[in-house]
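# Breakdown of the fold
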Amino acid sequence: MKKPKRAYSRRDFIGTAAGAGAFLAASGLSAFPAPTILTASRTRPSIAAGTLRFLPHYVQRGSGPHLLDWAYASDSKGDAFRSDIAASRDGLLLSDTKGEGRFAVNVRWNVEEFGYIFITADNGGEFYKLPPNGREQSLNLNFELAKSRVVQNRTRRAGFEKTGWKPSRETKAYLDLSEDLFGDARRSTGEPRRGLLSQKSLTYAMWASEMMELEKARFNIESLKRPRADFFFGCDARAFYQMYQDTFLELFPELFDYAMVTYVIKGDGMMSDFEPVEGKRNFGTRDVLVRKLRERNITVQGRTLFWFYDGVTPDWLKRKSFEELKKYVERHTRETIAHYPEEMFGWEIFNEFHDWAVEVDVTPEQTVELVKLSCDVARDTNPDCHRIINNCCPFAEYVQLGKTSGGDARYPQRTPWEFTKDLVDAGVDFTMLGQQMYFPYRDLQDIMVFLERMAEFRRPVQLSEVGAPGGPTNLSVKTGSVGFPEEPFIWRRPWDEELQADWLEAVCTLAFSRPWIVNFSWFDLLDRGAFQKNGGLLRNDKGEKKAAWHRFKKLQNTLKQSA
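Parameters and conventions
Residues numbered from 1 in each chain as written. Predicted model: local features only at pLDDT ≥ 70, side-chain atom pairs only at ≥ 80, totals over all residues. Heavy atoms only, no water. Buried < 20%, exposed > 50% of the residue type's maximum accessible area, 1.4 Å probe, protein only. Helix = DSSP H or I, 4+ residues; strand = E, 2+ residues; numbered from the N terminus. Pairing = 2+ DSSP bridges. Contact = heavy atoms within 4.5 Å. Axes fitted to C-alpha atoms, helices over the stretch in contact; angles between N-to-C directions. Parallel < 35°, antiparallel > 145°, perpendicular 65-115°, else oblique. Left-handed = near helix turned anticlockwise from the far one by under 90°. Nonpolar A, V, L, I, M, F, W, Y, C, P; charged D, E, K, R; others polar. 1 Å grid on protein atoms, 1.4 Å probe; cavity = no way out; pocket = protein on both sides within 12 Å on 5 of 7 lines; lining within 4 Å. Points joined across faces, edges and corners; volume = space filled by probe spheres on them. Core = buried A, V, L, I, M, F, W, Y, C linked by side-chain atoms within 4.5 Å. Expected span 1.5 Å × (residues − 1). Arc of directions from axis to C-beta.

## Regarding the pairing of strand β13 (residues 386–391)
- In terms of burial, β13 is largely enclosed, as 5 of its 6 residues are buried.
- One ladder, built from 4 bridges, connects β13 with strand β16 (residues 432–438); its direction is parallel. Bridging across to β16, Asn391 finds its partner in Gln435.

Given below as structure tokens:
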């Protein structure tokens, strides 16, 4: 039997991103070639310019790696774009930004006391420009990273203090230390010494960033005048089919008031195909689950009407022309939503359609047309049901790689923000925006800055799929499924069950503190089959609770009592 083509997972370049090297090798990429098909509206022109270098100064004590051999550029709004940026142990090299005049660079850099994590250098909010053609400019990478984070902290602190918030004594000390050390670095005349002082400044600045964001979030929550009755705590409900159903139904309502039930056309490995043959839909087992959840007063969302990811899109659907796709989208939307006249709170209309999961024959403009069609039909079929657009990959690293879930991108790609802006500009009638937030190799402040951009669309936002690894277990080490780390830790320390709980608590606190975010849904319930390795809240199908379960329950009790 011929082995099926491998679909690219987001973990290929985020979870192992780490794994860009392995990803590129598996992809057959040795560099970053241009997409095979270009459209005039999205193609940035190449403009002759000089070369900008960012030179690292390795002051870390460990064996590394300290700088990932892969990086990407982003524009002044924060959206990734494809450039000729190259990274190696010698640093970053950039000479063609495809017409983008002002830009930032994003690198995975090892801040040993904090984490080996992606950080943005944006020239202290002023952004970089390429030198004139034929000229070369070199910058100290350590200094640029420290400067950018210190200035970002300074800006956010000033904004927060206008609302009445003040940093704690500890947070103020970290902020002040980062500022003082950055001042020392700026005054230093030798680049190695400047690199050392900058790294120290960056370490305190990264910790201060997260401490400040969490303190401000708690300040917002304590300032609430009434409890947030509009906020849901949710989870995917596929574990109903992975464990004894009585155990599931006993545990699920203990922690969650919101459930997502999967209607993927082709099975995703945990549930049967929803539509094994075109036009024949498998509602039976899903109806049972929906009924049992509603009997327990759990709010239910259907996910997902359309997810054109390579591994879950059947061949009969991939072969359709655009006109045939439109007819199918209209029929599938109407008939599926009509099956549940009152049971569903909302439907995830499209998932990951921002030029990542697009394994059907459509242009970027046609993706917008399909989403608009489905939303219009969904509104006409059940106007009281939310219409949700769900996006993944918040920092859009795939844009630099030029990859979709199935291989090479055929068109210049959009970030989630750019895709959503296109939908809004086209008048697409969606009522809620979903954003996945699997651990993104970014710190808490970067996560919050990204989510603040989502508020610009003036739709409620749900953190639709949140997850983080739980670290190795005795079983995973013995079986080889999750081993011990082989590189510097990513965030605070190597992943373990308590660190998973720390991250869950932090991100949920940030989400609850912002009024436009209305949902925090963890993926997945069980370690087995979780998208993030050992990323569940239960260790096994017997219902053995992990630290993250207990922390989540305690946090909910605190948040529900606020105001």
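Right, picking up where we left off after that structure.
## A short note on the side chain of Ser188
- Take Ser188: it is sitting in the loop between α3 (169–187) and α4 (191–222).
- The exposure class of Ser188 is buried, given its relative accessible area of 12%.
- Residues contacting Ser188, with those up to four places away along its chain left out, are Arg193, Arg194 and Leu197.

## Examining the sheet that holds strand β17 (residues 461–467)
- Within the closed barrel, the 8 strands sit side by side as β9-β10-β11-β12-β13-β16-β17-β18. Their pairing is parallel. Averaged over all pairs of adjacent strands, the angle between strand axes in this sheet comes to 30°, irrespective of strand direction.
- Bridge analysis of β16 against β17 gives 6 bridges, and the strand direction is parallel. Paired with Gln435 across the two strands is Leu463, which belongs to β17.
- On the sheet, helix α12 (residues 444–454) packs against β16, β17 and β18 (517–522) and is oriented at approximately 165° with respect to β16.
- The sheet contacts of helix α14 (residues 497–512) involve β9 (232–236), β16, β17 and β18, and relative to β18 the element is tilted by about 160°.

## Section: the packing of helix α9 (residues 364–381) against helix α11 (residues 416–425)
- Viewed as axis vectors pointing N to C, α9 and α11 meet at an angle of 60°, and their least axial separation amounts to 10 Å. In terms of orientation, α9 and α11 fall into the oblique class. Remark: the crossing between α9 and α11 carries right-handed chirality. For the pair α9 and α11, contact is made by Thr367, Val368 and Val371 and by Phe419, Asp422 and Leu423, respectively.
- Residue composition of the contact of α9 with α11, by class: 4 nonpolar, 1 polar and 1 charged.

## Focus: the environment of Ala548
- Secondary-structure assignment places Ala548 in helix α15 (residues 547–560).
- Considering only alpha carbons, one finds Ala548 and Leu499, 49 residues apart in sequence, at a separation of 8.6 Å.
- If near-sequence neighbours (up to four positions away) are discounted, Ala548 is found in contact with Glu497, Gln500, Ala501, Leu504 and Leu537.

## Some thoughts on the layout of surface pockets
- Quantified by volume, the second largest pocket comes out at close to 620 Å³.
- Among the secondary structure elements, those contributing two or more residues to the lining of the second largest pocket are β2 (67–75), β6 (103–111), α2 (141–161), α11 and α12.
- Counting residues per element, the lining of the second largest pocket draws most heavily on α2, which supplies 6 residues.
- For the lining of the second largest pocket, the residue count by class is 10 nonpolar, 11 polar and 9 charged.

## Re the nonpolar core
- The biggest cluster of nonpolar side chains holds 152 residues, and the ones touching the most others in it are Phe248, Leu293, Trp503 and Phe520.
- Ranked by residue count, the leading element in this core is α14, at 10 residues.
- Each residue touching Phe520, except ones within four places of it in the same chain, is listed here: Phe231, Phe232, Phe233, Gly234, Leu463, Val466, Leu504, Val507, Cys508, Ala511 and Phe552.
- Ranked by size, the runner-up nonpolar core spans 6 residues in total, among them Met260, Tyr438, Phe523 and Phe531.

## Here we look at helix α8 (residues 322–338)
- The terminal C-alpha atoms of α8, which comprises 17 residues, lie 24 Å apart, in line with the 24 Å expected from a rise of 1.5 Å per residue.
- Taken residue by residue, α8 has Phe322, Leu325, Tyr328, Val329, His332, Thr333, Thr336 and Ile337 as its buried positions. Looking down the long axis of α8, one finds its buried residues gathered within 125° of arc, a one-sided arrangement.
- In the core, the buried residues of α8 are packed alongside α7 (315–318), β12 (346–351) and α9.

Any functional reading would require information beyond the geometric quantities listed.
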